[in-house]
Amino acid sequence: ILTFVGILAIKQSTFLLALKINSINEKHNQSNSNNILNETEKNEIACILENYLRGQKIFLDPNLKVNNLARKIHIPEKKLSFVINQVYSVNFNKFINIFRIEEAKKILLEQNRDNVENLYLLTGFNSRGTFNRAFKAITSLTPREFYIKNISKK
């Protein structure tokens, strides 16, 4: 019974997400002839995007591309890219890296993990160098510096 209820809950949330996305797409097709989203539509798409990323953790996939994500959340790639650029003022790669670095910070602190050797693999990066550059760009610290600074606060 619990398995059935769990599956039903997952299906219902997917169904509700699809309904909301269809509603956004219908509104956009009716009201915008020049392919520009209004603020409400941008915010709705941003909310759907963030909820999906946090819920599914698809950002951990090292091969994630904007077209794959757009297909999964049923939003046209151009709209998704437009929203990321307009709402978050970053490109798709930087946007996904922000989620990956947040996950890395969470792993470092929750698991009391001072070994950052394979952390880049756990968080969707293909190389340690890319991970370290992204971590430093977003937090102004290396992963080890972040760990030491935050562990000393506990």
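What comes next is a walk through the structure. (Residues numbered from 1 in each chain as written. Predicted model: local features only at pLDDT ≥ 70, side-chain atom pairs only at ≥ 80, totals over all residues. Heavy atoms only, no water.)

## Digging into the overall build of the protein chain
Selection criterion: Elements are defined by DSSP. Helices are runs of H or I of four residues or more, strands are runs of E of two residues or more, and each kind is numbered from the N terminus. When checking whether two residues touch, look at their non-hydrogen atoms; a contact exists if any pair is within 4.5 Å. Values of accessible area rely on a 1.4 Å probe in the Shrake-Rupley scheme; residue burial ignores everything except the protein chains shown.
Looking only at helices and strands, the protein chain has eight helices and zero strands in total. Each helix and strand of the protein chain, placed in order from N terminus to C terminus, yields the pattern α-α-α-α-α-α-α-α. Long-range pairs, those at least 24 residues apart, make up 57% of the contacts in the protein chain between residues at least 6 apart in sequence. A total accessible area of about 9,600 Å² is found for the protein chain, and carbon and sulfur atoms account for 53% of it.

## Considering helix α7 (residues 128-139)
To be explicit about the condition: Each residue after the first adds 1.5 Å to the expected span of a helix. Here the term buried applies to any residue with accessible area under 20% of the maximum for its type, exposed to any over 50%, and partly exposed to those in between, with areas from a 1.4 Å probe on protein chains only. The arc in question is the one traced by the directions running from the helix axis out to the C-beta atoms.
The end-to-end C-alpha separation of α7 is 16 Å, in line with the 16 Å expected for twelve residues at 1.5 Å each. All of the buried residues along α7 are F131, A134, F135 and T139. All buried residues of α7 project into a common sector of 105 degrees when viewed along the axis, lining one side. With respect to the buried face of α7, the exposed residues turned more than 90 degrees away are R133 and A137. Along its buried surface, α7 packs onto α5 (92-110), α6 (119-122) and α8 (143-151). Immediately downstream of α7, the backbone of S140 shows phi near 65 degrees, a positive value.

## Section: the pattern of salt bridges
Quick note on the threshold: For this analysis, a salt bridge means a side-chain nitrogen from Lys or Arg found within 4 Å of a carboxyl oxygen belonging to Asp or Glu.
Evaluated as defined, the whole model comprises four salt bridges. The shortest N-O distance in the salt bridge between E50 and R54 comes to 2.8 Å. Highlighted residues: E50 and R54, both in helix α2 (residues 39-56), separated by four residues, approximately one helical turn. Put simply, E102 and K105 hold a salt bridge, and the shortest N to O gap is 3.1 Å. One end of the pair is E102 and the other is K105, both in helix α5 and three residues apart, which spans about a single turn.

## Considerations on the packing of aromatic side chains
How two aromatic rings sit relative to each other is given by the distance of their centres and the angle of their planes. This is how the line gets drawn: Two aromatic rings, drawn from Phe, Tyr or Trp (for Trp, its six-membered ring), form a pair once their centres lie within 6.5 Å of each other, and the interplanar angle then sorts them: stacked below 30 degrees, edge-to-face above 60, tilted otherwise. The rule is short: NZ of Lys or CZ of Arg within 6 Å of the ring centre and within 35 degrees of the ring normal puts a charge over the ring.
What the rule picks out here adds up to six aromatic pairs. A ring pair is formed by F95 and F99, whose centres lie 5.1 Å apart and whose planes are at 65 degrees; its orientation type is edge-to-face. Here F95 pairs with F99, and both are found in helix α5, just four residues apart, close to one helical turn. Both residues of the pair, F95 and F99, count as buried. Each residue in the set F59, Y88, F95 and F99 is aromatic and connected to the rest through ring pairs, giving one cluster. The positively charged end of R100 is found above the aromatic ring belonging to F125, 5.5 Å away from the centroid.

## A few points about the environment of L119
Secondary-structure assignment places L119 in helix α6. Spatially, the C-alpha atoms of L119 and L108 are 8.5 Å apart, while their sequence positions differ by eleven residues.

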